[in-house]
Amino acid sequence: MLACESNTVTVNADGTGDYANIYQAINAVDCDTTIQFGPGTFNINSTINSGSNFKLKGATNKSGEPLTILQGSGNNRGFINAGALQGFENLILQNFSTGGDGGAILSSSGNLYITNCIFRNNNSNAGGGAICFFGGQGGEIDDTLFENNTAAYGGATFFPANGGFNQPVFTN
């Protein structure tokens, strides 16, 4: 059995990098991969459902503010974590919407870690306009801003499972 080696791959808004888009990069993840994004907007028009371990890491300016936008069409959830360890760092996730739980991210059976992100204008007709942690997993949110997210309950986040916050900011 081969050991799992972590690696980093790149995706840029102009289609250059190791992969032309986020879908190709996540489909190619086989182990503990960091997907490094350049600055810019990356449209996500259909839900990305993955059981792979990965970290999505965006570009920042000199002050550490995210310059990478993952943008929904307004009619789709962004991500479903289907039983893996997944991280989101230095990203703006905006304009995702779903009729179910977790507008931008639904973590249904994995561990989710979020650092230095902005969740803006996401919607859920159930729990967690931006994020829903559902099932027996855990997660942590650090240094993250939630802005104008709406839901039937848990406007920005919904934690029916284990999870915690460290210095989040919620605005409406």
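A. Region of interest: the overall build of the protein chain. Looking only at helices and strands, one finds 1 helix and 21 strands in the protein chain. At a minimum sequence separation of 6, the contacts of the protein chain that also span at least 24 residues come to 71%. Surface exposure of the protein chain reaches about 7700 Å², of which carbon and sulfur atoms provide 45%.

B. The environment of N53, seen in detail. Within the secondary structure, N53 is located in the loop between β4 (48-50) and β5 (54-57). Distance in space between the C-alpha atoms of N53 and A84 is 5.2 Å, their sequence separation being 31 residues. Within polar-contact distance, the side chain of N53 engages the backbone nitrogen of L85 at 2.8 Å.

C. Main features of the nonpolar core. L56, F79, F88, L93, I105, F119 and I131 are the most contacted members of the largest nonpolar core, which totals 31 residues. Of all the secondary structure elements, the ones that give two or more residues to this core are β1 (7-11), α1 (22-28), β2 (33-37), β3 (40-44), β5, β9 (91-94), β12 (111-115) and β15 (131-133). Sorting elements by how many residues they give to this core places α1 first, with 3 residues. Setting aside anything within four residues of it in sequence, one finds I105 in contact with F79, F88, L93, L112, I114, F119, A130, I131 and C132.

D. Layout of the packing of aromatic side chains. Per the counting criterion, the structure on display carries 5 aromatic pairs. With a centroid separation of 6.4 Å and 75 degrees between ring planes, the pair formed by F54 and F88 is classed as edge-to-face. Taken together, the positions of F54 in strand β5 and F88 in strand β8 (residues 85-89) put the pair 34 residues apart, joining distant regions of the chain. Judged by relative accessible area, which is 3%, F54 ranks as buried. Measuring from ring centre to ring centre gives 5.3 Å for F119 and F146, while their planes differ by 10 degrees; the resulting arrangement is stacked. You can see F119 sitting in strand β13 (residues 118-120) and its partner F146 sitting in strand β17 (residues 145-147), a full 27 residues away along the chain. Through successive ring pairs, a cluster of aromatic residues spans F54, F79 and F88.

E. Looking closely at the pattern of salt bridges. Applying the stated criterion across every chain yields a total of 2 salt bridges. One salt bridge in this structure joins R120 and E147, with 2.8 Å as the shortest N-O distance. One end of the pair, R120, is in strand β13; the other, E147, is in strand β17, with 27 residues separating them in the sequence. You can call R120 partly exposed: its relative accessible area is 23%. Note on E147: relative accessible area 23%, which makes it partly exposed.

About the thresholds
Residues numbered from 1 in each chain as written. Predicted model: local features only at pLDDT ≥ 70, side-chain atom pairs only at ≥ 80, totals over all residues. Heavy atoms only, no water. Helix = DSSP H or I, 4+ residues; strand = E, 2+ residues; numbered from the N terminus. Contact = heavy atoms within 4.5 Å. Areas by Shrake-Rupley, 256 points an atom, 1.4 Å probe, with all protein chains shown as cover. Polar contact = N/O pair within 3.5 Å; in protein donor to acceptor, adjacent residues only side chain to side chain. Core = buried A, V, L, I, M, F, W, Y, C linked by side-chain atoms within 4.5 Å. Buried < 20%, exposed > 50% of the residue type's maximum accessible area, 1.4 Å probe, protein only. Phe/Tyr/Trp six-rings, centres within 6.5 Å; stacked < 30°, edge-to-face > 60°. Salt bridge = Lys/Arg side-chain N within 4 Å of Asp/Glu carboxyl O.

Geometry only, nothing functional implied.
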